[in-house]
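So the chains spell out like this:
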Amino acid sequence: MIKEDIGFREAGKFEETRFEKIHNVIFESSQEASILVAREIANLIQRKNELNEPCVLGLATGSSPIKVYEELVRMHKEEGLSFANVVTFNLDEYYPMDKNDMQSYYHFMHEHLFHHVDIPSENINIPDGQVSAEELQQYCIDYEMKIISYGGLDFQLLGIGRTGHIGFNEPGSHVNSGTRSITLDHITRVDAASSFLGIDNVPRKAITMGIGTVRNAKRIVLLGWGISKAGIIKKTIEGKVSSQVPATYLQEHDNTTFVLDTEASSELTRVKTPWLVKSCVWTDELKLKAVAWLSELTKKPFLKLTDKDYNDNGMSSLLTEEGTAYDLNIKMFNKMQQTITGWPGGKPNADDTYRPERSMPEKKRVIIFSPHPDDDVISMGGTFDRLIEQGHEVYVAYQTSGNIAVSNEEALKFAEISKALNPDSKISDGIIEFLQNRTGNEIDSLEVRKLKGLIRRSESFGATRYLGLPDSNVHFLDLPFYETGTVKKNNLSDADVDIMCDIIEGIKPHQIYAAGDLADPHGTHKVCLDSLFEALKRLKHKDFMDDCWVWLYRGAWHEWESYQIDMAVPMSPDQVLKKRHAIFYHQSQKDGVMFQGDDSREFWVRVEDRNRLTAEKYHNLGLADYSAIEAFKRYHF
Ligand code: F6R
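Because the structure is predicted, anything quoted here is derived from the model rather than measured.

Draft legend 1. Structural view of the overall build of the protein. From N to C terminus, the protein includes 21 helices and 17 strands. By the compact-globule yardstick of 26 Å for 637 residues, the protein fits well, its C-alpha radius of gyration being 26 Å. Projected onto its principal axes, the C-alpha coordinates of the protein cover approximately 80 × 80 × 45 Å. By the burial criterion, 56% of the 637 residues in the protein qualify as buried. In the protein, of all internal contacts separated by at least 6 residues, the share reaching a separation of at least 24 is 74%.

Draft legend 2. Focus on the site of the ligand. Close contacts around the ligand come from 14 residues, with Ser 64, Asp 92, His 165, Gly 167 and Lys 229 the closest. Gly 159 is positioned such that a nitrogen or oxygen atom in its backbone is 3.5 Å from an oxygen atom of the ligand. Between the ligand and Lys 229, the relevant distance is 2.5 Å, taken from an oxygen atom to a side-chain nitrogen or oxygen of the residue. Coverage of the ligand by the protein amounts to 87% of the 400 Å² it exposes when considered alone.

Draft legend 3. The domain arrangement of the protein, seen in detail. According to the domain assignment, the protein contains domain 1 (2-270), domain 2 (278-337) and domain 3 (365-635). Between domain 1 and domain 3, the C-alpha centre-to-centre distance is 33 Å.

Draft legend 4. Representation of a nonpolar patch on the surface. On the surface, Ile 141, Met 145 and Ile 148 cluster together into a nonpolar patch covering about 290 Å² of accessible area. Structurally, Ile 148 can be placed in helix 5 (residues 133-149). Judged by its relative accessible area of 53%, Ile 148 falls in the exposed class.

Draft legend 5. Here's a closer look at the environment of Phe 384. Summarising the element assignment, Phe 384 is placed in helix 14 (residues 375-389). Placed 238 residues apart in sequence, Phe 384 and Lys 146 show a C-alpha to C-alpha distance of 60 Å. Among residues more than four places away in sequence, those in contact with Phe 384 are Ile 368, Asp 376, Val 377, Val 394, Val 396, Thr 464, Leu 467 and Leu 469.

Draft legend 6. Main features of the UniProt feature "domain: Glucosamine/galactosamine-6-phosphate isomerase" (unreviewed entry) in the protein. The feature "domain: Glucosamine/galactosamine-6-phosphate isomerase" (unreviewed entry), as given by UniProt, occupies residues 31-257 in the numbering adopted here. Annotated as 35% helix and 15% strand, the span residues 31-257 places its first and last C-alpha atoms 17 Å apart.

Calculation criteria
- Residues numbered from 1 in each chain as written.
- Predicted model: local features only at pLDDT ≥ 70, side-chain atom pairs only at ≥ 80, totals over all residues.
- Heavy atoms only, no water.
- Helix = DSSP H or I, 4+ residues; strand = E, 2+ residues; numbered from the N terminus.
- Rg over C-alpha atoms; globule rule 2.2 N^0.38 Å.
- Buried < 20%, exposed > 50% of the residue type's maximum accessible area, 1.4 Å probe, protein only.
- Contact = heavy atoms within 4.5 Å.
- Near = heavy atom within 4 Å.
- Polar contact = N/O pair within 3.5 Å; in protein donor to acceptor, adjacent residues only side chain to side chain.
- Areas by Shrake-Rupley, 256 points an atom, 1.4 Å probe, with all protein chains shown as cover.
- Domains from an automatic or database assignment.
- Patch = residues over 30% accessible without salt bridge, like charges linked within 9 Å, V, L, I, M, F, W, Y side chains within 5 Å.
- Salt bridge = Lys/Arg side-chain N within 4 Å of Asp/Glu carboxyl O.
- UniProt positions renumbered as here; feature names shortened; annotations may be inferred.

See below:
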């Protein structure tokens, strides 16, 4: 029974199915969801205050709760929400970890919450990453006892790791475990690597509250945002309880809610294959999604699917609506077929009724927005090349400098060359000294950041010149939100959106290409996309915008599902090679780059695999057999 769900049922999409063993609600955006979670916490604080009791909160760090904390701070500042009666216990801390270190959870909590609210400092409890090894065990017991002395946690906020950890309870954790030290899973360390500027700097151990500690909380809310969490969210909500996915223990807690955004929920059965769990309203997109799924499941191309295949797999209602499998198959086949074009800017003088792009104007003005200086060639190098070759007026706009992804060794190399060419240069001296003497992970000096940004600039010029684009068509926007020198970026501001508006207004494009990545709610790609959406909103009323179509590509990590693709641009084997060479110009991003994520393949390998896979998917659905395909989804604003 869910006792305190603050109107989640009304606000989000809630319709549990027989597959689901944990109450969960899905929201369009993590922003909207976070506001409701913060509201639940605020209500609890106020209720406890009226009862004159302390409100005991278990808190998490990481990217998931950031917006909840932002909203709580706002409520404190604007609505007078007081934290005077709040006692907090944080889930975990790296070990060993100096609390003044930028990567410590102590630092995180103060930066995101405690410095901005009126919580008495003695009410804040965060595991101490500096306790000596000898004292550690007793320290953990005391932490646990302290929670109990307050009558346990009234509310526990959680995120979830891709290993299924909650807190740092990694696979293998026992259901009754208490606060203790733990060895971090490799995947967890990989996920933390970017904040530590490389996996080698990520601690191997942590102190964490146990599964038992968490499960004793009276109320638990777990936040899951972004596509990278979709797989583990499905396993946790629909799978068997298992120590291999510690979050599944929450299935046995009767007052837990998972609050998800659309992307994180996308693997749940009721979202991914709704026809298996309920009767559906068959929109065109859902039809294609279902038929593509059936084709993949039965390993048959569209045109070979039979009435029996549909009936056996929960899709008889679709068949009833469409007549026969024969009609439906042809309809879906044509729909996919019509997405394929070798003319991404539109084919001149052709009937464009069923083509993804308009034939007119024959020569289009095109802006390719690239979040980092290499996303353009990585994600749409083949299409980029075709647009230039087919005579369109192409501009590329690099949204951020990408400076933090250049290693110190790479920067030192260039600083030394610069010094050798100009021995009197004070700037080179300063940079060399900084890079040689740095200890730990301090933020790069302004000059070092500038040098790293310039390295990425000249690499992108290498690639755009190779594709035949004049330098004058290349713009570096250096959006200010990115320029913090750290992995954590600023929020999007008017300054960023103004820059985006200026370039769009200046060029008045017929086509805009942009990275449509929603994978990480706090990642650079997502902020860059938000900056575009905001600019489009502002410019919408301008006349030239009536002729502007927006195409979204996906970055290095994910591809659109086949049913989502509105334009598929095939590449010949030669074009695949040309794209590879364009990517090679980004030398600072080769050979074990800094922000590689959990995939050790280099970007060009990843993207070649991905483009080949998209082509294979098309072929398996019964369409032509291409070497590679770049895929785009149209965004209607
Ligand atoms: C943080 C914690 C972890 C995170 C989890 C998800 O205090 O205990 O369990 O909640 O690793 O991290 P994010 O939110 O960064 O995806």
